[in-house]
Amino acid sequence: MSFMSKSPWVIHYDASSCNGCDIEVLATLCPGFDAERFGVINTGNPKHADIFLVTGSVNSRNIHVIREIYNQMPEPKAVIACGCCACEGGVFHDCYNVIGGVDRAIPVDVYAPGCAVRPEALIDAIVEAEKVLEEKYEAMKKGEHAPVIPLDAPVLKKGA
Amino acid sequence: MGKATIIPFGPQHPVLPEPLHLDLVVEDEKVIEAVPQIGFIHRGLEKLTETRDYNQFIYIAERICGICAVGHSLGYAETVEGLMGLEVPKRASYLRVILHEMSRIHSHMLWMGLAADAFGFESLFMHCWRLRERVLDLFEAMTGGRVILSAVRVGGMVRDQDAATLAHVQEVLEGIKDEYHEICRAFLNDSSVRSRLVGVGVIEHDDAVNLGMVGPFARASNVVNDVRCKEAGAYAELSDFTPITSTDCDCYARVEVRAKEILQSIDIIEEMIARIPEGPVFEKPKGSPADGAMACGALEQPRGECYYYAQGNGTKYLQRMRMRTPTSMNLAGMAAALKGCDLADVNMIVLTIDPCISCTER
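Within any chain, residue numbers begin from 1 and follow the written order of that chain's sequence. Whichever chain is written first becomes A and whichever ligand is written first becomes 1, with later ones labelled in order. Where totals are concerned, whole chains, interfaces and linings use all residues; where local detail is concerned, this predicted model gives features only for residues with pLDDT of at least 70, and gives and counts side-chain atom pairs only at 80 or more. Water and hydrogen atoms play no part in the side-chain values, which are based on all heavy atoms of the structure.

Enquirer: Provide a residue-level description of the interface of chain A and chain B, including the pertinent values.
Expert: In this complex, chain A contributes 40 residues to the contact, which on the side of chain B involves 43 residues. Two parts placed together each lose some accessible area under a 1.4 Å probe, and adding up what both lose gives the buried area. The contact between chain A and chain B buries some 3200 Å² in all, and 62% of this surface belongs to carbon and sulfur atoms. Note on definitions: salt bridges are taken to be side-chain nitrogens of Lys or Arg within 4 Å of carboxyl oxygens of Asp or Glu. At the junction of chain A with chain B, the criterion picks out three salt bridges. Linking Arg146 of chain B and Glu24 of chain A is a salt bridge whose minimum nitrogen-to-oxygen distance equals 2.7 Å. Any pair of nitrogen or oxygen atoms within 3.5 Å is treated as a polar contact; in protein, a donor-acceptor pairing is required on top of that, and neighbouring residues in sequence qualify only through side-chain atoms on both sides. For the interface between chain A and chain B, the tally reads twelve residue pairs in polar contact (both at pLDDT 80 or more). Sorting the residues of the side of chain A that touches chain B by element identifies strand E1 (9–14), helix H1 (20–29) and helix H2 (63–72) of chain A as the ones contributing at least two each. The element best represented in the side of chain A that touches chain B is H1 of chain A, accounting for seven residues. When grouped by side-chain class, the residues that make up the side of chain A that touches chain B number 22 nonpolar, eleven polar and seven charged. Between two residues, a contact is recorded if the distance between any of their heavy atoms is within 4.5 Å. The helix and strand labels rest on DSSP assignments: H or I over at least four residues marks a helix, E over at least two residues marks a strand, and numbering proceeds from the N terminus. In this classification, the charged set is Asp, Glu, Lys and Arg, the nonpolar set is Ala, Val, Leu, Ile, Met, Phe, Trp, Tyr, Cys and Pro, and all remaining amino acids, among them Gly, are polar.

And the structure:
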């Protein structure tokens, strides 16, 4: 795996997931699937993280928390939507308190579907995100930067 | 004595897999008061009963919480079966208990891992999760899913398990038992672990009763409170069931109760597998819940007693579905346990109630 040359650190936030994807995110990093062997370490501090793993859908109470974490992450950064709910709302898409997938709050780079998302899919998504990070690093050198999203910005367009 | 300061804890915090916000009122290093704030993951699932019929809703009920997925689908199915006066085949109720107890094992191992992480013992965390992975492999062999199983449905089970699979379950659990004893020794006898747990977050028996605590959190304060001894479903056929309690009332007692419950669950599963009767596993429900019919159900989830209430309206949609989850009962106990503790012990005490926020907020 030539593109797995770096060791991305991840930060995880549970937006409004049912826990199924959260424990699969942790299981990915634990023995059995062991993404830590690639140097993928779970950090609690957004300023240490390269990849943002979001599980669950966005609602009006947590949209500013997601944006806050995203804005605090240093560049280059990648966002992975873990699970069907994070991709587009999943089984909860028509709940009154669900706005939609994570792409309604912040730009998403990789979608990892599944209910609950399987650890294999997550490892795959992290490898994809590594490629995205390389691209963004190149773009950064040319002066292109990730957007800063104001906490009270309107909801983004679907799939933007 | 310093001035009181408010320290925010969460919603994004390394020790919490789920968003829970606490306002900690702190004087020097002592917590005077903890004010929990919830609502970050409210989805509004109960309202979905209006657009999903009672057979479809079981898939939503499972997704109330991914850790106690079997528990919620089982509690919902039992309540709706009560509503419709449906008798579940014997073999199905045995299989339900087997899966439910397996999910208790995986939930408690998950919790013990997180607790080990909270007191800074990362290799123990990894060992707990390594062992838990075997239970998930069993789930995958039995149902195809790792955390969301879709195994229970109203009227029975989705599929039967053959004798070879059940023998395999027994064999793997027997193997887990041996390795688990080693992990248990680290949790219960290690002096550095004990120094983090003994005497931390004490809730006396009377306070536990007054605060309405449930589950292992209450049993660690010597409250005998386990719905499994009410003998619903296949639990009635168990030869012997004594709830595990402790008189220490502190964080150590809560670890001890859960550690022993894993072994108890393995014993229950072994007895169920030994005595499982032959027969069908599904009885097709006919018609719809009657107008105005009401039913309640209670179930011992890994985190404690969970109540379900369902009301019919003569159509295939339920009029109302409501549940009261163990964590919502335990939050008051958590706030009481946090009062007067050291700031460094906050994450340990928050974890010992085994908070499941997505159950609570739904």
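Enquirer: Quick rundown of the pattern of salt bridges? Include the residues and the values.
Expert: Note on pairing: side chains with opposite charge can pair once their charged atoms come close. All names here are of chain B. Taken as a whole and assessed by the stated rule, the structure comprises 29 salt bridges over all chains. Where Glu81 meets Arg96, a salt bridge forms, and the shortest distance between an N and an O atom there is 2.8 Å. You can see Glu81 sitting in helix H2 (residues 69–84) and its partner Arg96 sitting in helix H3 (residues 90–118), a full 15 residues away along the chain. Neither residue differs from the other here; Glu81 and Arg96 are each classed as buried. Residue Asp267 is joined to Lys177 by a salt bridge in which the shortest nitrogen-to-oxygen separation is 3.4 Å. Within this pair, whereas Asp267 is found in helix H9 (residues 251–275), its partner Lys177 is found in helix H5 (residues 163–189), the two being separated by 90 residues in sequence. Buried, partly exposed and exposed residues are distinguished by accessible area as a fraction of the type maximum, computed with a 1.4 Å probe on protein chains only: under 20%, between the cut-offs, and over 50%, respectively.

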